[in-house]
Amino acid sequence: MLIYSSTLQREELLKSIWHAFTALDLDRSGKVSKSQLKVLSHNLCTVLNVPHDPVALEEHFRDDDEGPVSNQGYMPYLNKFILEKVQGNFDKVEFNRMCWTLCAKKNLSKSPLLISDEDAFKVWVIFNFLSEDKYPLIIVPEEIEYLLKKITEAMGAGWQQEQFDHYKIALNTSREGLSAWELIDLIGSGQFSKGMDKQTVSMAINEVFNELILDVLKQGYMLKKGHKRKNWMERWFVLKPNSISYYVSEDLKDKKGDIILDGNCCVEALPDKDGKKCLFLIKCLDKTFEISASDKKKKQEWIQAIQTTVNLLRAGSPPPHKEARQKRKELRQKLLAEQEELERQMKELQAANENKQKELETVRKQLEAAAARAAEEEKKRLQTQAELQDRFSLELEREKMVRQKMEEQVAQKSSELEQYLQRVRELEEMYTQLQEALEDEKQARQDEETVRKLQARLLEEESAKRAELEKWHLQQQQTIEMTEAEKQELENQRMMKEQALQVAMQQLKQLELERKEALEQYEEVKKKLETAANNTKSWKDKVAHHEGLIRLIEPGSKNPHLITNWGPAAFTEAELEERQRSWKGKKATSE
């Protein structure tokens, strides 16, 4: 007799009732007859120890269109008048056997199985415990693996993981799981119990049934000391989540008593005494039980099992196999939620991919249209380029002519420069002859003349260079005013001109330096001239007498130059006035 919490009790009861309900015969309209529903309801009330309510039953199954002749119509009555009233104790095995009797004949396979009908019934009850909480009921591959492992361990055989993996792959390709009858066929076929006899398989199924369904945590023979006679009697002990029951034998027919467990109980080992070994003690609030195990290993196993049960009662936790089942379900639900979320994300990605494909198609069409426009523009560009090439050819020919003229001008300038240099050389020869004719003062004046000539030459070269630079600057301005295409073609020529301009500028700077050096030399020569003038006054008279042949070189004035028979810039106005007065005096003396 068991007491269940309402939620877990209702879920487990509904699964067995669902099998019984779906096994009922349907009438011609495809509905379950009222008489069958009444019989089913009556049987359920009987096995669940629920009081009968004939009035409510007849009222619910009255003859009108509102009558609950389908699963949806029967469920409200089942919940309200039967399941909600399940409060006391009832025999879970008897309840399951009643539902099994209603559905087994119709659904159980007719082919011979390696397990008995009783074993098939136990497998069916285990299926209801391990199946998913959705209808139609199925057991998923993970729970199938768990059950087969438990049966294999109970048989003492080795688990064939590779064999089950092949079976699992074949199963997943066709369905999500197995029904109760398919699970019975799988275990009854002996596919995962090869080499085991029928009795071994039956004992293994019974052991798993006791653990999972009857909540048997441990069972076995031990000796118990009586409370009155103090004698030792062998009893079959069965440990459950909240009690230890002991029977005369393992057939469980003659029950001798119960040890009610709670959080206040404790178990402890005892030393050997009175010829009994492997003793341990179970202390409860009202009684104490002395028990003797068959050996030390059994003693330790029982002490640990009882202590674990007491600890679970203190913590308010369910039995280990139920807690493990709940964790496996939560894990599957979590994986299912993650899979659904992944599928949702995949759908979103697929939708986004489709949108991207549409966008890419639109972009492709736009690119095609752009390519067509680009081809047309390329055609126009090539045509324009051909026209520009023709025009550039003409401009190039014109530029060649301009370049040729410029080269001629450069050659002319070079010739003029050569003439100028020749003239400079002639002046240097004259300066040498004058230097030979004069003594110290001649040398000084020759230095002065050289400086002046050098200054004049530098000024003239600077003027020529400036004129040439201005001309090149004007040509460069004309070149800049050309069209962009002409500018691109003449860029290299302009660079060459700029280089020539830079060279000329460097030459101009060099001439400036040379002019400054000449001025410095001029100052030095002037000082020498003043020193020599005091010693050569008589030589000045000779020079004055022969001034038609020789004229002393003196610093020039910044006033406008005059042209005389001695050449340009030979005398200043003051010198002319002085000479005029001298001539007039000489003339008056001669007269």
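What comes next concerns the included structure. (Residues numbered from 1 in each chain as written. Predicted model: local features only at pLDDT ≥ 70, side-chain atom pairs only at ≥ 80, totals over all residues. Heavy atoms only, no water.)

Focus: unusual backbone geometry
Cis geometry is adopted by the peptide bond preceding P136, which originates at Y135 and carries an omega value of -5°. Positive phi outside glycine occurs at L252, with the angle close to 60°. Note on placement: L252 falls in the loop between β3 (243–247) and β4 (255–260). Taking the relative accessible area as the measure of exposure, L252 reaches 39% and is therefore partly exposed. Here C278, not a glycine, exhibits a phi torsion of approximately 55°, which is positive. One can find C278 in the loop between β5 (266–270) and β6 (279–283). Exposure remark for C278: the relative accessible area of 10% places this residue in the buried category. (Helix = DSSP H or I, 4+ residues; strand = E, 2+ residues; numbered from the N terminus. Buried < 20%, exposed > 50% of the residue type's maximum accessible area, 1.4 Å probe, protein only.)

Digging into the packing of aromatic side chains
We describe a pair of aromatic rings using the distance from one ring centre to the other and the angle between the two ring planes. Counted under the stated rule, the structure contains 15 aromatic pairs. Within the aromatic cluster, the residues linked to one another by ring pairs are W100, F121, W124, W181 and F209. Above the ring of F121, the side-chain terminus of R97 is found at 4.3 Å from the ring centroid. Positioned above the aromatic ring of F129 is the side chain of R325, whose terminal nitrogen or guanidinium carbon lies 4.0 Å from the ring centre. (Phe/Tyr/Trp six-rings, centres within 6.5 Å; stacked < 30°, edge-to-face > 60°. Lys NZ or Arg CZ within 6 Å of the ring centre and 35° of its normal.)

Quick word on the nonpolar core
In terms of nonpolar packing, the biggest core is built from 73 residues, with L44, L48, Y74, F95, W100, W124 and I184 touching the most fellow members. Top contributing element to this core by residue count: helix α6 (residues 117–130), with nine residues. Dropping the residues within four chain positions of it, W100 is found in contact with L108, D117, A120, F121, W124, W181 and I184. Within the second largest apolar cluster, 21 residues are counted, among which are Y246, V267, F280 and I282. (Core = buried A, V, L, I, M, F, W, Y, C linked by side-chain atoms within 4.5 Å. Contact = heavy atoms within 4.5 Å.)

Some thoughts on the state of the cysteines
Applying the stated criterion to the full structure yields zero disulfides. Between C99, a cysteine without a disulfide, and C103, which holds the nearest cysteine sulfur, the sulfur-to-sulfur distance is 7.3 Å. Taking relative accessible area as the criterion, C99 reaches 0% and is therefore assigned buried. Of the residues examined, C103 reaches a relative accessible area of 0% and is grouped as buried. (Disulfide = S-S within 2.5 Å.)

Description of the pattern of salt bridges
Summed over all chains, the structure comprises 31 salt bridges. Linking E176 and K134 is a salt bridge whose minimum nitrogen-to-oxygen distance equals 3.9 Å. Of this pair, E176 sits in the loop between α8 (161–172) and α9 (180–188) while K134 sits in the loop between α6 and α7 (141–155), placing them 42 residues apart in sequence. Note on E176: relative accessible area 55%, which makes it exposed. (Salt bridge = Lys/Arg side-chain N within 4 Å of Asp/Glu carboxyl O.)

A word on the environment of I480
For I480, the position within the fold is in helix α13 (residues 440–480). What makes I480 partly exposed here is its relative accessible area of 43%.

Points about the packing of α7 against α8
Contact geometry for α7 and α8: axes closest at 11 Å, N-to-C directions at 150°. One element, α7, and the other, α8, form an angle in the roughly antiparallel class. Relative to α8, α7 is oriented so that their crossing is right-handed. Seen from α7, the contacting residues are P141, E142, I144, E145, L148 and K149; seen from α8, they are Q161, F164, K168, L171 and N172. In terms of residue class, the contact of α7 with α8 is made up of five nonpolar, two polar and four charged. (Axes fitted to C-alpha atoms, helices over the stretch in contact; angles between N-to-C directions. Parallel < 35°, antiparallel > 145°, perpendicular 65-115°, else oblique. Left-handed = near helix turned anticlockwise from the far one by under 90°. Nonpolar A, V, L, I, M, F, W, Y, C, P; charged D, E, K, R; others polar.)

Read these as layout, nothing more, since geometry by itself doesn't imply function.
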